[in-house]
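# Residue-level structure breakdown
Chain by chain, the residues run as shown.
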Amino acid sequence: MTNGDVAFASSRRAWARQRATGGVVAILPQWRTCRNCPIALPARLSIVAGKQHGMEGMNFDFSDDQKLLREQARRFLTERCPPKAVRAVLEGDASHDRALWSAIAEMGWLGTSVPEEYGGLGLGYLELCVIAEELGRVLAPVPFASSVYLFAEGLLRAGSSAQKAKLLPKIADGSLIGCFARSEGAGPLTVKSVRTTFKGGRLNGIKRAVSDGLAADHALVLARASEDSGERALCLALVDLTAQGVRRQAEQSIDPSRKHAQITFDNAPAEAVGQIGEGWGITQAVLDRAAILTAFEQVGGADTCLAMAKAYAMERYAFGRPIASYQAIKHKLADMYVNNELARSNAYYGAWALATDAPELTLAAAAARVSATQAFDYAAKENIQTHGGVGFTWEFDCHLYYKRARELALNLGAQRSWKDRLVTALEQSNAA
Amino acid sequence: MDFEDTPEEAAFRKQVREWLAANAPRRGEGVGGDELAERTDKAFLAAAKAWQARKAEAGYARITWPKEVGGFGGTPIQQVIFSQEEGKIKSLDGLGGPFAIGLGMCIPTVMTYCAKEVLARYVKPALHGQEIWCQLFSEPAGGSDVAGLRTRAERKGDEWLINGQKIWTTGAQISDFGILLTRTDPNVPKHKGLTMFIVDMHDPAVDVRPIKQASGASGFNEVFFTDLKVKDSMRVGDVGDGWRVALTTLMHERLAVGGGQGGGLDVPQLLQLARDLELEDGPALRNAAVREKIADWYVRSAGLKYTTYRTMTALSRGQQPGPEASIAKIVVAAKLQDLTAYATELEGELGSLKGEDAPLGGMFQLGWLSAPGLRIAGGTDEILRNIIAERVLGLPQDVRVDKDVPFNKLPSGR
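Please read all numbers here as calculations on a predicted model, not as lab measurements.

In terms of helices and strands, chain A carries 15 helices and nine strands. Of all 432 residues assigned to chain A, the portion counted as buried reaches 62%. When contacts within chain A are restricted to residue pairs at least 6 apart in sequence, those whose partners lie at least 24 apart make up 73%. Surface summary for chain A: the accessible area is close to 16,400 Å², and the carbon and sulfur share equals 51%.

Here it is, written out as structure tokens:
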């Protein structure tokens, strides 16, 4: 056994408990021993050295182990996160589903991509992609994205050893929730739009529409730290949201199953993450990675919409037959399917780029983002349309997806920004 | 995107590259044409046949076919590698076109249903480019509704007497043989009375008339049969089993037609145009609206490309490809039409020119003129959506008023 196995076997995590049942866990050692070779990657079209791993040829899919993880995650979330749980957050004042959050922490998912030295499982991004898709499928009302894709990722990329050692273990075990505060006014996030200042260890300014800003204990804040021009003035600041000088206020959201907050910093104590001047670059790098993981959530959500629309169309009769037998409905659902498959494939490519830290990552992230946003938006609105009047009622679940689709489309930046980023990356890859 | 190969794949790629470098016709020497131009002239055909023969001699004509029938005995991945490398050579553009239907659809069908002696006669010449095949299914009265066809085959002893008309037959005017779907029993419901035959396209009882398409090209034809006699040994599958046999062919057709990428007209070509073109406010590539359009089409192209990779992954693991393979043509055809129309918009008034007179040699105009055909051939957009809805999503079939009615009792309309 490697050290990792020992740590794993003695861990409290549910994956370990499943080991005895021959579930997912049995394959973990294999993941570990293969960490330095591409066995687990969906990647490089091909790329697996056949003899070593008993496979050959193209390998643009998740491994059997990862598929087992997916099944396990799906079973768990189907049970623990029914639409009722999403509605409880949507209709209530709670910032998130705390019971679900604890259970997810127990499963070890929060530390999936956090290195073992910081208390995580150190598995990698592909496993995180698998989990993201399942969270998206059920609209899990927990601050997973904010805490894991954004906050932990920001610390991992730019934090000091001390910052990582202090906070990442708590992120991994769920005892601390993080978020990432960026926007201040209407319009896209630009260097110029950042007015919040970070000087002399103090933050001043107001951040708006901060996703999971109420649930979070700590935040990364994009702020202006010098008088330099352009992005050299920007810095990422780490702030304890429970400290003096921080005021939080709920903001109304189109999707209240993810709560948003306005956060006011009034001489709040903070420390830099990375160097002054690096804030914008780190933000872009974190957003690229978060976009890929979010694309998996979007693909999961879009899949659910298609399944809901199909189920309803099969049982709803009009003019003497199921509406699923009319071409107007069939073609709509076929279009959903086409969009969803394209989005899934783009997300897979993103997963490969994420897992290998490929030079194509920005292009892959933008493509995954745009494709998944379009698919989820289309599936969510046409799911309501397929349901007809009842689809527009509060009682049916269609609106939960409609709302989440738009929320995910805007959180991390709108399509038009990502399309511009995509073409810029294309220009660069063509010039190279 | 140059994905890494396994050592075995890299070795195969190297072998293919070296072989292509030594054997492919040089630029100018070859007469590779634009896929969308649908050339059928003698010089083009001679070049296509010569190239096909050269590939067949080296075993590269069909990578995944077994060696016994002249293939390479290779894997689907090796087929992809070969196609990738072949596709990089401009002088080879479109040269595989005349053989795509024969080797992609007709011969696989014949191989599934015909006797050894028949295979011994036909497979090798087709593989070596000596004989071209076409697929004779659609009729004026049965396009999307193929099983509504009326071409009649009547048994006369050891022969069949065939009368009727086919239409939209790609490559009939250059074909030596065809697989023909006929009605042998009009007294049973339409799917049950069909039978397939191999026919000699040079028989005097076969009259081929090219159709001038909206694009100006003549890729497809009308084909008339007047008292054509066909030996029973040329039957493909059982009498009355023609629909099942045809489904084998159509399954191959959708893979083959969907495999095209719209004549190579895609985002890179649009980028090329946008880079050099000045709009009111500067270079087109700096214009936000143009950039959004480029991104929209890019995500569909990329999505399709990676969907193909997923399909290939399934193949290379020995699994059946999933239903994701069925989306290709819907995406490619619509994108070709929209992207090319938009490119002509960027070109302004000169966008209305074509050929050498138009910007960039008129490639977008050619694509736009050809796009309606791609949305129809090999299953219309609508039929493909029905297929996805019914076979992939499992939605119920539309009400079929003709289902249990004998063919000769069906109303026929126009």
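Here the focus is the overall build of chain B. Summing up its helical and strand segments, chain B has 11 helices and 10 strands in all. Seen along its three principal axes, the alpha-carbon backbone of chain B occupies a region of about 75 × 50 × 45 Å. Buried residues in chain B amount to 51% of all 414 residues. Considering only residue pairs separated by 6 or more positions, chain B has 71% of its internal contacts joining residues 24 or more positions apart. Looking at chain B as shown, the accessible area adds up to about 18,800 Å², and 53% of this sits on carbon and sulfur atoms. Distance between charge centroids for chain B: 4 Å, based on 50 positive and 54 negative side chains.

Our focus in this paragraph is the nonpolar core. For soluble globular proteins, the rule of thumb is that nonpolar side chains tend to be buried together. If you look at the biggest cluster of nonpolar residues, it comprises 176 residues, and the most contacted ones within it are Trp-109, Phe-144, Tyr-149, Leu-203, Val-239 and Leu-422 of chain A together with Ile-294 of chain B. Ala-24, Ala-47, Cys-134 and Leu-250 of chain B belong to the second largest nonpolar core, which has 70 residues in total.

Residues and elements named next belong to chain A. Once the domains are mapped, chain A shows domain 1 (3–173), domain 2 (178–278) and domain 3 (281–431). Here domain 2 and domain 3 have C-alpha centroids that lie 28 Å from each other. For the domain 2 and domain 3 pair, buried surface summed over both sides reaches about 1,200 Å², with 57% attributable to carbon and sulfur atoms. Summed over the shared surface of domain 2 and domain 3, the result is two salt bridges. Here Arg-404 and Asp-255 are joined by a salt bridge, their closest N and O atoms 2.8 Å apart. Class assignment of the residues belonging to the side of domain 2 that touches domain 3 gives a composition of seven nonpolar, four polar and five charged.

Residue and element names in this part refer to chain A. Between helix H11 (residues 279–315) and helix H13 (residues 361–387), the shortest axis-to-axis distance is 8 Å and the interhelical angle comes to 25°. Considering the angle they form, H11 stands roughly parallel to H13. Classified by chirality, the crossing of H13 by H11 is left-handed. Here the residues of the contact of H11 with H13 sort into 18 nonpolar, eight polar and three charged.

Attention now goes to the interface of chain B and chain A. Between chain B and chain A, the residue contacts involve 51 residues of the former and 55 residues of the latter. Where chain B abuts chain A, roughly 4,700 Å² becomes buried across the two surfaces, and 61% of that area is made up of carbon and sulfur atoms. Where chain B touches chain A, the interface holds nine salt bridges. Note that Lys-330 of chain A and Glu-390 of chain B form a salt bridge whose closest N and O atoms lie 2.6 Å from each other. For the side of chain B that touches chain A, the element with the most residues is helix H8 (residues 288–316) of chain B, which contributes 18 residues.

All names here are of chain A. Of note, the phi angle at Leu-139 is positive, near 55°, even though the residue is not glycine. Considering the arrangement of structural elements, one finds Leu-139 in the loop between helix H8 (125–137) and helix H9 (144–158). On the basis of relative accessible area, Leu-139 is assigned to the buried category, the value being 1%.

For the coordinates displayed, the defined rule picks out 46 salt bridges over all chains. With a shortest N-O distance of 2.8 Å, Lys-207 of chain A and Glu-184 of chain A are connected by a salt bridge. Pair noted here: Lys-207 of chain A is in strand S3 (residues 202–211) and Glu-184 of chain A is in the loop between strand S1 (178–181) and strand S2 (197–199), with a separation of 23 residues, a long-range link. On the basis of relative accessibility, which here comes to 0%, the residue Lys-207 of chain A falls in the buried class. With a shortest N-O distance of 3.3 Å, Glu-292 of chain B and Lys-419 of chain A are connected by a salt bridge. Of this pair, Glu-292 of chain B sits in helix H8 while Lys-419 of chain A sits in helix H15 (residues 415–431), which puts the two residues in different chains. On the basis of relative accessible area, Glu-292 of chain B is assigned to the partly exposed category, the value being 29%.

Those residues of helix H6 (residues 83–91) of chain A that sit buried are Ala-85, Val-86, Arg-87, Val-89 and Leu-90 of chain A. Buried residues in H6 of chain A make contact with helix H5 (64–80) and helix H14 (398–410) of chain A.

Here we take up the environment of Pro-256 of chain A. Residue and element names in this part refer to chain A. Looking at where Pro-256 falls in the secondary structure, it is placed in the loop between strand S6 (246–251) and strand S7 (260–273). Here Pro-256 falls in the partly exposed class, since its relative accessible area comes to 22%. The spacing of Pro-256 and Leu-90 is 166 residues in sequence and 4.7 Å in space, taken between C-alpha atoms. Sequence-distant contacts of Pro-256, defined by excluding residues within four places in its chain, comprise Val-89 and Leu-90.

So, on to the confidence of the model for chain A. Looking at chain A, pLDDT values average 87 and 86% of them are 70 or higher. Considering only residues more than four positions removed or in separate chains, one finds that residues 1–57 of chain A, a stretch of pLDDT under 50, has 120 contacts.

We now examine the domain arrangement of chain B. All names here are of chain B. One can read the domain layout of chain B as domain 1 (7–95), domain 2 (133–247) and domain 3 (260–392). Taken together, the contacts link four residues of domain 1 with five residues of domain 2. Of the roughly 410 Å² buried between domain 1 and domain 2, counting both surfaces, carbon and sulfur atoms make up 57%. Three residues, Glu-38, Thr-40 and Leu-45, lead the burial of domain 1 against domain 2; their summed loss comes to 82% of the area buried on that side. Taken together, the connections running from domain 1 to domain 2 amount to zero salt bridges. A class-by-class count of the residues in the side of domain 1 that touches domain 2 yields two nonpolar, one polar and one charged.

Another point: the packing of aromatic side chains. Taken as a whole and assessed by the stated rule, the structure comprises 25 aromatic pairs over all chains. Aromatic side chains Phe-62 of chain A and Phe-296 of chain A sit 6.1 Å apart centroid to centroid with 70° between the ring planes, which places their arrangement in the edge-to-face category. With Phe-62 of chain A in the loop between helix H4 (50–53) and H5 and Phe-296 of chain A in helix H11, this residue pair connects regions lying 234 residues apart in the sequence. An aromatic cluster is defined as three or more aromatic residues linked by ring pairs; in this entry it consists of Phe-60, Phe-62, Phe-296, Tyr-348, Tyr-349 and Trp-352 of chain A together with Tyr-306 and Tyr-309 of chain B. The ring of Phe-180 of chain A has Arg-182 of chain A lying over it, and the distance from NZ or CZ to the ring centre is 5.0 Å.

Take the pairing of strand S5 (residues 194–200) of chain B next. All names here are of chain B. With respect to burial, S5 is a largely interior element, six of its seven residues being buried. Bridge count for strand S4 (residues 177–183) against S5 is seven bridges, and the pairing is antiparallel. What sits directly across from Ile-179, in S5, is Ile-198. Here two bridges tie S5 to strand S8 (residues 235–236), and the two strands are oriented antiparallel to one another. Looking at S8, one finds that Met-196 is bridged to Val-236.

The rules we used
Residues numbered from 1 in each chain as written. Chains lettered and ligands numbered in written order. Predicted model: local features only at pLDDT ≥ 70, side-chain atom pairs only at ≥ 80, totals over all residues. Heavy atoms only, no water. Helix = DSSP H or I, 4+ residues; strand = E, 2+ residues; numbered from the N terminus. Buried < 20%, exposed > 50% of the residue type's maximum accessible area, 1.4 Å probe, protein only. Contact = heavy atoms within 4.5 Å. Areas by Shrake-Rupley, 256 points an atom, 1.4 Å probe, with all protein chains shown as cover. Lys, Arg positive; Asp, Glu negative; His and termini not counted. Charge placed at Lys NZ, Arg CZ, Asp CG, Glu CD. Core = buried A, V, L, I, M, F, W, Y, C linked by side-chain atoms within 4.5 Å. Domains from an automatic or database assignment. Buried area = accessible area lost by both parts, 1.4 Å probe. Salt bridge = Lys/Arg side-chain N within 4 Å of Asp/Glu carboxyl O. Nonpolar A, V, L, I, M, F, W, Y, C, P; charged D, E, K, R; others polar. Axes fitted to C-alpha atoms, helices over the stretch in contact; angles between N-to-C directions. Parallel < 35°, antiparallel > 145°, perpendicular 65-115°, else oblique. Left-handed = near helix turned anticlockwise from the far one by under 90°. pLDDT = per-residue confidence, 0-100. Phe/Tyr/Trp six-rings, centres within 6.5 Å; stacked < 30°, edge-to-face > 60°. Lys NZ or Arg CZ within 6 Å of the ring centre and 35° of its normal. Pairing = 2+ DSSP bridges.

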